[in-house]
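# Secondary and tertiary structure notes
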Amino acid sequence: MASEGPETDILDDPLLILESGEVYRNPTEVKMSQIVLPCHANHCGELSVGQLLKWMDSTACLSAERHAGCSCLTASVDDIHFEHTIGVGQVVNIKAKVNRAFNSSMEVGILVSCEDLFSDQQWKVCHAFATFVARRTEAGKVQLRQVVPFTQTEKIEYSIAAERRRMRLIHAETVTDLLSNDTVHEVRECQEYEDAVPAERTRVESVELVLPPHANHQVNTFGGQIMAWMENVATISASRLCSAHPTLRTIDMFHFRGPSQVGDRLVLKAIVNNAFRKSMEVGVCAEAYQGGEHVRHINSAFMTFEVLDEERRPCTLPRIRPEPVDGKRRYQEAIARKKIRLDRKYMISCRQMEVPLSVPWDPSNQIYLSYNNVSALKLLAAKSNWVLNSEKNKVSLYTLEENQALCFKVETHVDVPAEKAFVLLSDLSRRQEWDTHYEKCELIIPVDEDDTIYRVVTPSVRKGSNVQDFILLASRRKPFGTGDPYVIALRSVTLPTHPPTDDYNRGEVLCAGFTIWEVSSTVTKISYYNQATPGVLPYISTDIAGLSSGFYCTFSSCSQFLEKNKDSPATLAL
C-alpha cells in the first residue's frame, strides 16, 4: 500500500544525537500503533482498508494540529497505492509529520508499516501525503508558522512539498487536457463485446446517518469515517462486476469539498467506470443533506480494484458496457486517469536508474515530466555527502559517488541579484555565450512559461567522432516561499519530430541544472549539478581528475556573462 508520488519514500533518518545527548525527534511527529483484531478485518481476515484510512487520518490530523496549535480539517489525501495486506494479529505502525506549511494549509507525510510480533519482521505497507487546513478561530483565518527542516530527509520533503502542491492544484486540468484526445473509438469497441456487463448493474447507493460516534473532536464528521464508508460502497460495486471479492490496489486523490456535521444524511454512490484487462476503476462520491436543504457534494475519489487468484495473481475481468452520455464520459475519464497513473508510476515513483534516461514527451505527460525533472534536481541538491574536490578563482568543484553513479556540483557566487541570474540562465539559447560546450542551442517547443524543450549541439570529445546533440526539457521554478531557491532543471526527452540521426551522436542527460540562492539583494550563490551519464562523462572527467581547469574557466565566464547582462532588456522588466 504506497503512494504513487515522487521518487522518494517517506524514510527515517538515522538516529541523530543532539548536543544535549537526546535523540532528535521531529516536533510535529505523531505515532500510532494498533493491533489488528477480527473486528477490524474483512472476509479474508485482512485489515479493512476503510479502517486503515481512519487510523491514517487520525494520526495525520493530530500531527497537523500539533504544528498549527488549533483544530485542523482534512482537505485532501493524495493517491495511495497499497503494496501489502495486513493480517489479523499483526501490528500496524503509523507515523505522521508535517513536511511543510503554506499559508493556512500544510502537507502531512504519512508512513504505514506492518509488524509481525512472532517473526519480528517489519515491512512498509503504504505512504501518503495529506493536506490539512487550519480551522478559522474567533480571531479569523490562521496564518501557520513555517516548518524548519532539520535532517536531510526533512529538507528533501520540505523542498518537494511545493512541487506536490503544484501538482494537486493542476490535477483537474490534467484530466481535462487528456480528454481532449479522441478516445471515443475505445467506447465503440467495448460495446461490441456481447458478454460486456452493463455498468448500471454495478451501481451502488447507500445512506448513513452521521451520529456523535462518527464525529471528531471538532463535531464535524470524521474524514477517515467518510473515506471508510466510500471504500465500502466502492468494494460492493466492484464485487458486482466480477462476482468475487476484489482487492483494492490504488486510490486516486480524496478531495474534501466541504464539511459534514452530526445529523447529516450522507449518501454514498459508486459505479464501475471502466474495466481494463486486469483491473477496474470505481468512481465513488459522498453527498450530504439535512432535512429539506440542498444536497452538498462532500467528497469524491476513484479506486482501482483487482481480483486475485489463489496464487495472488490478478485475474482477467469482464468487460463493462457504459451507459449513454454520462456513462461514456466516465468511461473516457477512467482511461485518462489510467494514463495519469502510468505516467506517475514510471516517471515519478520508480527509482531513477530503473527507467530510461530519455522519456518520450507529449502534452499529456508534460506535467509529470516537469514535476519529476524539478524534484530529481532538488533531491540531488539535498544530498549531504558532497565532497569538495578542488577550488580555484572562487569556483568550487564537488563530487558525489553513489550507487555506482558519479555526480558533480560546481558552485560560485556572483554580484548579480538572484532573480536576474535566474532569468539569464533560464534562456538556454544564450548559454553558448559563456559555455564552450554549447555550440548550438535551438528552441524546439516553448511548452509554457515554466517549461521549454531545446535541441543542444555539443562538440565531439574524441578526434574523428561525430558531434553530439541532446533533446532537453528545461523546467524552471521561482521560489515558492522562504527557504526555496530558484530552480532550472534539465533532463533528456525524446521527440518523434527529432529522432537520432547518423550525423550526430545522441547524448542523454538524466538530471542536471541550477539552483540559485539569494545571499543578499546583490549577491547570489549559483550551484550547477549534473548526474554524469555516458554522454556527459567525457566532457567532465579530466576536470574531476584534476587534469584540466575547464570548469573554472566556464563558470568564470558564466559570472562575467551574468554581470555584463544584469541590466539587459530581459532583466530590466523585473
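In what follows, the structure referred to is the one given above.
Owing to the predicted nature of the structure, the values given are computational and were not obtained by experimental measurement.

## Considerations on the packing of helix H1 (residues 49–68) against helix H5 (residues 223–242)
Contact pair H1 / H5: the axes reach a minimum separation of 8 Å and the direction vectors enclose 165°. Considering their axes alone, H1 and H5 lie roughly antiparallel with respect to each other. The crossing of H1 and H5 is right-handed. Contacts between H1 and H5 involve Val49, Gly50, Leu53, Lys54 and Asp57 from the former and Gly223, Gly224, Gln225, Met227, Ala228 and Glu231 from the latter.

## Brief notes about the pattern of salt bridges
Considering all chains together, one arrives at 30 salt bridges under this definition. A salt bridge links Arg506 to Asp469; the shortest N-O distance between them is 3.0 Å. Residue Arg506 is found in strand E22 (residues 505–506), and its partner Asp469 is found in strand E20 (residues 468–477); the two are separated by 37 residues along the sequence. For Arg506, a relative accessible area of 26% translates into the label partly exposed.

## Observations regarding unusual backbone geometry
If you check the backbone angles, Arg312 has positive phi at about 65° while not being a glycine. In this fold, Arg312 is placed in the loop between strand E12 (296–306) and strand E13 (320–321). In this structure Arg312 comes out as partly exposed when scored by relative accessible area, which is 44%. For Lys394, which is not glycine, the phi torsion reads 65° and is therefore positive. In this structure, Lys394 sits in the loop between strand E15 (387–392) and strand E16 (395–402). By relative accessible area, Lys394 is classed as exposed at 78%.

## Quick look at the environment of Val98
Structurally, Val98 is set in strand E4 (residues 91–101). Given a relative accessible area of 2%, Val98 falls into the buried group. Sequence-wise, Val98 and Val147 are 49 residues apart; in three dimensions their C-alpha atoms are separated by 7.7 Å. Not counting residues up to four positions away in its chain, the partners in contact with Val98 are Thr28, Ser63, Ala64, His67, Met106, Glu107, Val108 and Val147.

## Considerations on the nonpolar core
Side chains that are nonpolar tend, in soluble globular proteins, to be buried together. Within the largest apolar cluster, 76 residues are counted, with the highest numbers of intra-cluster contacts made by Met56, Met106 and Met280. The contact partners of Met106, leaving out residues within four places of it in the chain, are Ala64, His67, Ala68, Cys72, Val98, Arg100, Ala101, Ala130, Thr131, Phe132 and Leu144. Of all hydrophobic cores here, the second largest spans 35 residues; its members include Ala418, Ala421, Cys441 and Val509.

## Considerations on the packing of aromatic side chains
Going through the model one piece at a time under the given rule, you end up with nine aromatic pairs. Ring plane angle 40° and centroid distance 5.9 Å describe the contact between Tyr528 and Phe555, whose orientation is recorded as tilted. Placement of the pair is Tyr528 in strand E24 (residues 524–531) and Phe555 in helix H10 (residues 550–565), with a sequence separation of 27 residues. Side by side, Tyr528 and Phe555 carry an identical accessibility label, which is buried. Chaining the aromatic ring pairs together yields one cluster made of Phe408, Trp434, Phe514, Tyr528 and Phe555. Its end group placed over the ring of Tyr398, Lys409 keeps NZ or CZ at 4.5 Å from the ring centre. Here the guanidinium or amino end of Arg455 rests over the ring plane of Tyr504, the centre of that ring lying 4.6 Å away.

Cut-offs used in this document
Residues numbered from 1 in each chain as written. Predicted model: local features only at pLDDT ≥ 70, side-chain atom pairs only at ≥ 80, totals over all residues. Heavy atoms only, no water. Axes fitted to C-alpha atoms, helices over the stretch in contact; angles between N-to-C directions. Helix = DSSP H or I, 4+ residues; strand = E, 2+ residues; numbered from the N terminus. Parallel < 35°, antiparallel > 145°, perpendicular 65-115°, else oblique. Left-handed = near helix turned anticlockwise from the far one by under 90°. Contact = heavy atoms within 4.5 Å. Salt bridge = Lys/Arg side-chain N within 4 Å of Asp/Glu carboxyl O. Buried < 20%, exposed > 50% of the residue type's maximum accessible area, 1.4 Å probe, protein only. Core = buried A, V, L, I, M, F, W, Y, C linked by side-chain atoms within 4.5 Å. Phe/Tyr/Trp six-rings, centres within 6.5 Å; stacked < 30°, edge-to-face > 60°. Lys NZ or Arg CZ within 6 Å of the ring centre and 35° of its normal.

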